[in-house]
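So you can see what is in the structure, the chains are spelled out below.
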Amino acid sequence: MNPIVLTIIISSLGLGTILTFIGSHWLLVWMGLEINTLAIIPLMIRQHHPRAVEASTKYFITQATASALLLFASVTNAWTSGEWSLIEMTNPTSATLATIALALKIGLAPLHFWLPEVLQGLDLTTGLILSTWQKLAPFAILLQLYPSLNSNLLVFLGVLSTMVGGWGGLNQTQLRKILAYSSIAHLGWMITILHYSYNLTQLNLILYIIMTSTTFLLFKTFNSTKINSISSSSSKSPLLSIIALMTLLSLGGLPPLSGFMPKWLILQEMTKQNLAIPATIMAMMALLSLFFYLRLCYATTLTMTPNSINMSTSWRTKLSHNLTLTTAASLSILLLPITPAILMLLS
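From a predicted model like this one, the values you see are computed outputs, not experimental measurements. (Residues numbered from 1 in each chain as written. Predicted model: local features only at pLDDT ≥ 70, side-chain atom pairs only at ≥ 80, totals over all residues. Heavy atoms only, no water.)

1. A closer look at the domain arrangement of the chain
A common way to state how big an interface is: give the accessible area lost once the parts meet. Just so we agree on the cut-off: In this entry, domain limits derive from an automatic or database-based domain assignment. Any two residues whose heavy atoms approach within 4.5 Å are treated as being in contact. Computed with a 1.4 Å rolling probe, the buried area is the accessible surface lost when two parts are put together, summed over both parts. When a carboxyl oxygen of Asp or Glu lies within 4 Å of a side-chain nitrogen of Lys or Arg, that pair is called a salt bridge. Working definition: helices are DSSP H or I runs of at least four residues, strands are E runs of at least two. Numbering for both runs from the N terminus. Each residue is assigned to one class: nonpolar for Ala, Val, Leu, Ile, Met, Phe, Trp, Tyr, Cys and Pro, charged for Asp, Glu, Lys and Arg, and polar for all the others, Gly among them.
Taken domain by domain, the chain comprises domain 1 (1–149) and domain 2 (161–305 + 322–346). Each of domain 1 and domain 2 has a C-alpha centre, and these two points are 23 Å apart. Contacts between domain 1 and domain 2 engage 26 residues on the former and 29 residues on the latter. Among the residues domain 1 hides against domain 2, the three largest losses belong to Gln120, Leu124 and Tyr146. Together they make up 26% of the total. Inspection of the domain 1/domain 2 interface yields one salt bridge. When residues of the side of domain 1 that touches domain 2 are traced back to their parent elements, those giving at least two are helix H5 (114–120), helix H6 (124–131) and helix H7 (136–145). In terms of residue class, the side of domain 1 that touches domain 2 is made up of 16 nonpolar, seven polar and three charged.

2. Here we look at the side chain of Thr300
In plain terms, the rule: Contacts described as polar in this section are N or O atom pairs within 3.5 Å, which, within protein, must combine one atom able to donate a hydrogen with one able to accept it, while residues neighboring in sequence count only if both atoms come from side chains.
Note that Thr300 resides in helix H15 (residues 276–302). At 2.5 Å, the side chain of Thr300 and the backbone oxygen of Leu296 are in polar contact. When residues no more than four places from it in sequence are discounted, the contact partners of Thr300 are Ile230, Ser233, Ser234, Ser241, Ala244 and Leu248.

3. Notes on the nonpolar core
Operational definition: As used here, the term nonpolar core means buried Ala, Val, Leu, Ile, Met, Phe, Trp, Tyr and Cys residues forming a set that is joined through side-chain atoms within 4.5 Å. Note on classification: 1.4 Å probe, protein chains only; a residue is buried when its accessible area is under 20% of the maximum for its type, exposed when over 50%, partly exposed between these limits.
Residues Ile40, Tyr59, Val118, Leu130 and Met261 are the most contacted members of the largest nonpolar core, which totals 67 residues. At nine residues, helix H10 (residues 198–222) tops the list of elements feeding residues into this core. Both of domain 1 (1–149) and domain 2 (161–305 + 322–346) provide at least three residues apiece to this core.

Following this line, the structure appears as C-alpha coordinates:
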(Lines give C-alpha, C1' and ligand atoms only; values in the text may rest on other atoms or scores of the structure.)
Protein backbone atom coordinates (compact mmCIF):
# COMPACT_ATOMS: atom_id res chain seq x y z
CA MET A 1 0.00 0.00 0.00
CA ASN A 2 1.18 3.53 -0.81
CA PRO A 3 2.81 5.09 2.32
CA ILE A 4 0.84 8.33 1.89
CA VAL A 5 -2.46 6.44 1.67
CA LEU A 6 -1.48 4.30 4.67
CA THR A 7 -0.64 7.45 6.67
CA ILE A 8 -4.03 9.00 5.82
CA ILE A 9 -5.85 5.79 6.83
CA ILE A 10 -4.00 5.47 10.16
CA SER A 11 -4.56 9.17 10.87
CA SER A 12 -8.28 8.74 10.14
CA LEU A 13 -8.44 5.81 12.55
CA GLY A 14 -6.88 7.95 15.25
CA LEU A 15 -9.09 10.94 14.41
CA GLY A 16 -12.31 8.90 14.60
CA THR A 17 -11.42 7.48 18.00
CA ILE A 18 -10.31 10.87 19.39
CA LEU A 19 -13.55 12.51 18.18
CA THR A 20 -15.53 9.87 20.05
CA PHE A 21 -13.38 10.35 23.16
CA ILE A 22 -13.78 14.14 23.34
CA GLY A 23 -17.33 14.46 21.97
CA SER A 24 -20.26 15.27 24.24
CA HIS A 25 -22.76 15.76 21.40
CA TRP A 26 -24.40 12.67 19.92
CA LEU A 27 -23.79 13.69 16.29
CA LEU A 28 -20.07 14.33 16.91
CA VAL A 29 -19.71 10.96 18.63
CA TRP A 30 -21.59 9.23 15.79
CA MET A 31 -19.35 10.97 13.25
CA GLY A 32 -16.26 9.68 15.07
CA LEU A 33 -17.59 6.11 14.97
CA GLU A 34 -18.30 6.42 11.23
CA ILE A 35 -14.81 7.75 10.46
CA ASN A 36 -13.39 4.87 12.51
CA THR A 37 -15.39 2.29 10.56
CA LEU A 38 -14.64 3.69 7.10
CA ALA A 39 -10.90 4.09 7.84
CA ILE A 40 -10.28 0.41 8.59
CA ILE A 41 -12.07 -1.00 5.52
CA PRO A 42 -9.20 -0.18 3.07
CA LEU A 43 -6.82 -1.99 5.46
CA MET A 44 -9.11 -5.02 5.42
CA ILE A 45 -9.51 -5.19 1.67
CA ARG A 46 -5.88 -4.52 0.67
CA GLN A 47 -5.10 -8.26 0.29
CA HIS A 48 -7.31 -8.51 -2.87
CA HIS A 49 -8.45 -11.94 -1.76
CA PRO A 50 -12.09 -13.18 -1.92
CA ARG A 51 -12.05 -13.93 1.81
CA ALA A 52 -10.82 -10.40 2.58
CA VAL A 53 -13.53 -8.90 0.35
CA GLU A 54 -16.14 -11.02 2.12
CA ALA A 55 -14.85 -9.99 5.55
CA SER A 56 -14.84 -6.29 4.56
CA THR A 57 -18.42 -6.51 3.23
CA LYS A 58 -19.68 -8.26 6.38
CA TYR A 59 -17.92 -5.74 8.59
CA PHE A 60 -19.31 -2.75 6.68
CA ILE A 61 -22.90 -4.05 6.73
CA THR A 62 -22.73 -4.89 10.45
CA GLN A 63 -21.19 -1.56 11.45
CA ALA A 64 -23.60 0.40 9.24
CA THR A 65 -26.54 -1.37 10.92
CA ALA A 66 -25.14 -0.60 14.39
CA SER A 67 -24.49 3.05 13.46
CA ALA A 68 -28.02 3.47 12.09
CA LEU A 69 -29.47 1.98 15.30
CA LEU A 70 -27.26 4.24 17.45
CA LEU A 71 -28.32 7.31 15.46
CA PHE A 72 -31.97 6.31 15.83
CA ALA A 73 -31.46 5.93 19.62
CA SER A 74 -29.87 9.39 19.88
CA VAL A 75 -32.59 11.04 17.74
CA THR A 76 -35.32 9.35 19.81
CA ASN A 77 -33.69 10.59 23.02
CA ALA A 78 -33.35 14.12 21.61
CA TRP A 79 -37.01 14.07 20.53
CA THR A 80 -38.28 13.06 24.00
CA SER A 81 -35.85 15.03 26.19
CA GLY A 82 -34.79 17.93 23.97
CA GLU A 83 -31.12 17.18 24.73
CA TRP A 84 -28.35 16.11 22.31
CA SER A 85 -25.84 15.72 25.14
CA LEU A 86 -24.31 12.26 25.44
CA ILE A 87 -24.82 11.94 29.19
CA GLU A 88 -28.47 13.12 29.10
CA MET A 89 -29.82 9.69 28.13
CA THR A 90 -33.10 9.90 30.04
CA ASN A 91 -35.31 7.79 27.77
CA PRO A 92 -35.16 4.05 28.71
CA THR A 93 -36.00 2.94 25.16
CA SER A 94 -33.15 5.02 23.75
CA ALA A 95 -30.76 3.62 26.37
CA THR A 96 -31.71 0.04 25.45
CA LEU A 97 -31.34 0.73 21.72
CA ALA A 98 -27.93 2.35 22.31
CA THR A 99 -26.81 -0.67 24.35
CA ILE A 100 -27.84 -3.08 21.58
CA ALA A 101 -26.17 -0.92 18.91
CA LEU A 102 -22.87 -0.75 20.82
CA ALA A 103 -23.06 -4.50 21.58
CA LEU A 104 -23.35 -5.11 17.83
CA LYS A 105 -20.42 -2.77 17.17
CA ILE A 106 -18.00 -4.55 19.53
CA GLY A 107 -19.32 -8.08 18.96
CA LEU A 108 -21.11 -9.06 22.17
CA ALA A 109 -23.27 -12.20 22.16
CA PRO A 110 -25.92 -12.73 20.82
CA LEU A 111 -24.80 -10.14 18.22
CA HIS A 112 -21.37 -11.70 17.81
CA PHE A 113 -21.80 -13.76 14.63
CA TRP A 114 -19.87 -11.37 12.39
CA LEU A 115 -16.71 -11.20 14.52
CA PRO A 116 -15.13 -14.68 14.02
CA GLU A 117 -15.91 -14.65 10.29
CA VAL A 118 -14.53 -11.15 9.74
CA LEU A 119 -11.38 -11.78 11.79
CA GLN A 120 -10.73 -15.02 9.90
CA GLY A 121 -10.65 -13.12 6.60
CA LEU A 122 -8.02 -10.59 7.72
CA ASP A 123 -4.26 -10.71 8.08
CA LEU A 124 -2.84 -10.66 11.61
CA THR A 125 -1.92 -6.94 11.60
CA THR A 126 -5.41 -5.77 10.58
CA GLY A 127 -6.90 -8.36 12.96
CA LEU A 128 -4.86 -6.79 15.77
CA ILE A 129 -6.30 -3.34 14.98
CA LEU A 130 -9.85 -4.73 14.79
CA SER A 131 -9.50 -6.61 18.09
CA THR A 132 -7.93 -3.75 20.08
CA TRP A 133 -8.13 -0.21 18.67
CA GLN A 134 -11.64 -0.58 17.23
CA LYS A 135 -12.97 -1.45 20.71
CA LEU A 136 -11.88 1.88 22.22
CA ALA A 137 -14.49 4.21 20.69
CA PRO A 138 -17.59 2.11 21.60
CA PHE A 139 -16.24 1.61 25.13
CA ALA A 140 -15.67 5.36 25.47
CA ILE A 141 -19.42 5.80 24.86
CA LEU A 142 -20.38 2.95 27.21
CA LEU A 143 -18.21 4.37 30.01
CA GLN A 144 -20.08 7.69 29.74
CA LEU A 145 -23.54 6.16 29.44
CA TYR A 146 -23.28 3.44 32.11
CA PRO A 147 -25.45 5.18 34.80
CA SER A 148 -28.35 5.34 32.30
CA LEU A 149 -28.08 1.77 31.02
CA ASN A 150 -30.16 -1.19 32.19
CA SER A 151 -27.95 -3.24 34.54
CA ASN A 152 -29.95 -6.46 33.99
CA LEU A 153 -29.48 -6.18 30.21
CA LEU A 154 -25.74 -5.60 30.64
CA VAL A 155 -25.39 -8.63 32.94
CA PHE A 156 -27.39 -10.78 30.49
CA LEU A 157 -25.22 -9.73 27.53
CA GLY A 158 -22.05 -10.22 29.58
CA VAL A 159 -22.87 -13.70 30.91
CA LEU A 160 -24.09 -14.84 27.47
CA SER A 161 -20.87 -13.53 25.89
CA THR A 162 -18.69 -15.47 28.32
CA MET A 163 -20.71 -18.62 27.54
CA VAL A 164 -20.50 -18.14 23.75
CA GLY A 165 -16.80 -17.20 23.97
CA GLY A 166 -16.06 -20.33 26.00
CA TRP A 167 -18.11 -22.81 23.94
CA GLY A 168 -17.33 -21.30 20.55
CA GLY A 169 -13.57 -21.58 20.77
CA LEU A 170 -13.45 -25.25 21.78
CA ASN A 171 -13.46 -26.91 18.35
CA GLN A 172 -11.55 -24.26 16.39
CA THR A 173 -8.26 -24.91 14.61
CA GLN A 174 -7.76 -21.40 13.18
CA LEU A 175 -5.87 -19.07 15.51
CA ARG A 176 -7.77 -15.96 14.40
CA LYS A 177 -11.15 -17.57 15.16
CA ILE A 178 -9.86 -18.68 18.57
CA LEU A 179 -8.77 -15.10 19.29
CA ALA A 180 -12.19 -13.85 18.12
CA TYR A 181 -14.00 -16.08 20.63
CA SER A 182 -11.45 -15.08 23.26
CA SER A 183 -12.34 -11.46 22.51
CA ILE A 184 -16.08 -12.18 22.91
CA ALA A 185 -15.47 -13.83 26.29
CA HIS A 186 -13.30 -10.95 27.56
CA LEU A 187 -15.84 -8.36 26.40
CA GLY A 188 -18.46 -10.26 28.39
CA TRP A 189 -16.45 -9.80 31.58
CA MET A 190 -16.10 -6.06 30.92
CA ILE A 191 -19.78 -5.46 30.16
CA THR A 192 -21.05 -7.45 33.16
CA ILE A 193 -19.25 -5.27 35.69
CA LEU A 194 -19.73 -1.95 33.82
CA HIS A 195 -22.78 -0.77 35.77
CA TYR A 196 -21.32 -1.67 39.18
CA SER A 197 -17.68 -0.62 38.83
CA TYR A 198 -16.64 1.17 35.66
CA ASN A 199 -13.03 1.32 36.97
CA LEU A 200 -12.81 -2.47 36.69
CA THR A 201 -14.13 -2.27 33.11
CA GLN A 202 -11.34 0.20 32.28
CA LEU A 203 -8.73 -2.03 33.93
CA ASN A 204 -10.00 -5.14 32.12
CA LEU A 205 -10.06 -3.30 28.77
CA ILE A 206 -6.47 -2.08 29.17
CA LEU A 207 -5.20 -5.54 30.14
CA TYR A 208 -7.21 -7.20 27.36
CA ILE A 209 -5.65 -4.86 24.78
CA ILE A 210 -2.14 -5.53 26.12
CA MET A 211 -2.55 -9.34 26.20
CA THR A 212 -4.30 -9.56 22.83
CA SER A 213 -1.66 -7.32 21.22
CA THR A 214 1.08 -9.58 22.59
CA THR A 215 -0.65 -12.69 21.24
CA PHE A 216 -1.18 -11.23 17.76
CA LEU A 217 2.42 -9.98 17.61
CA LEU A 218 3.72 -13.41 18.63
CA PHE A 219 1.63 -15.20 15.98
CA LYS A 220 2.81 -12.64 13.42
CA THR A 221 6.44 -13.29 14.43
CA PHE A 222 5.88 -17.05 14.09
CA ASN A 223 3.94 -16.45 10.82
CA SER A 224 1.24 -18.83 12.11
CA THR A 225 -2.49 -18.78 11.44
CA LYS A 226 -3.38 -22.41 12.35
CA ILE A 227 -2.72 -24.59 15.40
CA ASN A 228 -0.73 -27.01 13.24
CA SER A 229 1.68 -24.36 12.01
CA ILE A 230 2.34 -22.97 15.48
CA SER A 231 3.83 -26.28 16.65
CA SER A 232 7.11 -25.54 14.86
CA SER A 233 7.58 -22.26 16.73
CA SER A 234 9.66 -23.80 19.52
CA SER A 235 12.36 -24.73 17.02
CA LYS A 236 12.40 -21.18 15.62
CA SER A 237 12.73 -19.42 18.95
CA PRO A 238 12.50 -21.32 22.26
CA LEU A 239 12.39 -18.05 24.24
CA LEU A 240 9.46 -16.66 22.26
CA SER A 241 7.66 -19.98 22.68
CA ILE A 242 7.94 -19.66 26.46
CA ILE A 243 6.67 -16.07 26.27
CA ALA A 244 3.75 -17.29 24.12
CA LEU A 245 2.97 -19.97 26.74
CA MET A 246 2.91 -17.40 29.57
CA THR A 247 0.82 -14.92 27.55
CA LEU A 248 -1.79 -17.55 26.64
CA LEU A 249 -2.04 -18.67 30.27
CA SER A 250 -2.42 -15.01 31.25
CA LEU A 251 -5.27 -14.66 28.72
CA GLY A 252 -6.85 -17.68 30.40
CA GLY A 253 -6.69 -15.90 33.76
CA LEU A 254 -4.29 -18.12 35.69
CA PRO A 255 -2.40 -16.76 38.71
CA PRO A 256 0.26 -15.41 39.21
CA LEU A 257 -0.05 -13.75 35.78
CA SER A 258 -1.59 -10.37 34.87
CA GLY A 259 -4.77 -11.88 33.39
CA PHE A 260 -5.82 -13.20 36.80
CA MET A 261 -6.16 -9.68 38.21
CA PRO A 262 -9.33 -8.47 36.40
CA LYS A 263 -11.16 -11.81 36.79
CA TRP A 264 -10.39 -11.91 40.51
CA LEU A 265 -11.50 -8.31 41.09
CA ILE A 266 -14.64 -8.65 38.96
CA LEU A 267 -15.76 -11.83 40.73
CA GLN A 268 -15.11 -10.14 44.07
CA GLU A 269 -17.19 -7.10 43.11
CA MET A 270 -20.03 -9.24 41.72
CA THR A 271 -20.16 -11.19 45.00
CA LYS A 272 -20.47 -7.89 46.89
CA GLN A 273 -23.35 -6.88 44.59
CA ASN A 274 -25.25 -10.15 45.35
CA LEU A 275 -24.64 -11.49 41.83
CA ALA A 276 -23.40 -14.88 42.99
CA ILE A 277 -25.16 -16.92 40.27
CA PRO A 278 -23.84 -14.88 37.29
CA ALA A 279 -20.39 -14.86 38.93
CA THR A 280 -20.46 -18.67 39.26
CA ILE A 281 -21.52 -19.11 35.62
CA MET A 282 -18.77 -16.77 34.42
CA ALA A 283 -16.12 -18.54 36.51
CA MET A 284 -17.19 -21.89 35.04
CA MET A 285 -17.16 -20.50 31.49
CA ALA A 286 -13.64 -19.17 32.13
CA LEU A 287 -12.60 -22.83 32.49
CA LEU A 288 -13.87 -23.53 28.97
CA SER A 289 -11.82 -20.61 27.64
CA LEU A 290 -8.82 -21.91 29.58
CA PHE A 291 -9.18 -25.26 27.82
CA PHE A 292 -8.58 -23.86 24.33
CA TYR A 293 -5.76 -21.67 25.62
CA LEU A 294 -4.18 -24.84 27.00
CA ARG A 295 -4.59 -26.45 23.55
CA LEU A 296 -2.58 -23.58 22.10
CA CYS A 297 0.01 -23.89 24.88
CA TYR A 298 0.36 -27.60 24.14
CA ALA A 299 0.82 -26.94 20.42
CA THR A 300 3.25 -24.09 21.03
CA THR A 301 5.64 -25.53 23.61
CA LEU A 302 4.94 -29.23 24.21
CA THR A 303 4.79 -30.48 20.61
CA MET A 304 8.26 -31.32 19.37
CA THR A 305 9.18 -31.07 15.70
CA PRO A 306 9.51 -32.96 13.44
CA ASN A 307 6.07 -34.43 13.96
CA SER A 308 3.29 -35.99 11.92
CA ILE A 309 1.51 -32.79 10.83
CA ASN A 310 1.13 -32.15 7.14
CA MET A 311 2.89 -28.76 7.08
CA SER A 312 5.95 -27.57 5.21
CA THR A 313 8.84 -26.69 7.51
CA SER A 314 9.71 -23.00 7.41
CA TRP A 315 13.24 -21.60 7.46
CA ARG A 316 14.74 -21.01 10.87
CA THR A 317 15.56 -17.36 10.42
CA LYS A 318 17.09 -15.09 13.02
CA LEU A 319 14.27 -13.19 14.70
CA SER A 320 14.79 -9.47 15.15
CA HIS A 321 14.36 -7.92 18.59
CA ASN A 322 11.04 -6.09 18.91
CA LEU A 323 10.67 -3.50 21.68
CA THR A 324 6.85 -3.36 21.31
CA LEU A 325 6.53 -7.14 21.72
CA THR A 326 8.96 -7.17 24.64
CA THR A 327 7.09 -4.41 26.51
CA ALA A 328 3.63 -5.88 25.83
CA ALA A 329 4.75 -9.37 26.87
CA SER A 330 6.24 -8.07 30.12
CA LEU A 331 3.00 -6.24 30.97
CA SER A 332 0.93 -9.31 30.02
CA ILE A 333 2.78 -11.47 32.50
CA LEU A 334 4.12 -9.41 35.42
CA LEU A 335 1.41 -6.95 36.59
CA LEU A 336 -0.34 -9.01 39.29
CA PRO A 337 2.00 -8.06 42.21
CA ILE A 338 1.26 -4.35 41.73
CA THR A 339 -2.54 -4.78 41.81
CA PRO A 340 -2.98 -2.44 44.86
CA ALA A 341 -1.09 0.36 43.10
CA ILE A 342 -3.17 -0.06 39.93
CA LEU A 343 -6.42 0.00 41.93
CA MET A 344 -5.26 3.16 43.70
CA LEU A 345 -4.55 4.83 40.34
CA LEU A 346 -7.99 3.88 38.97
CA SER A 347 -9.97 4.91 42.05
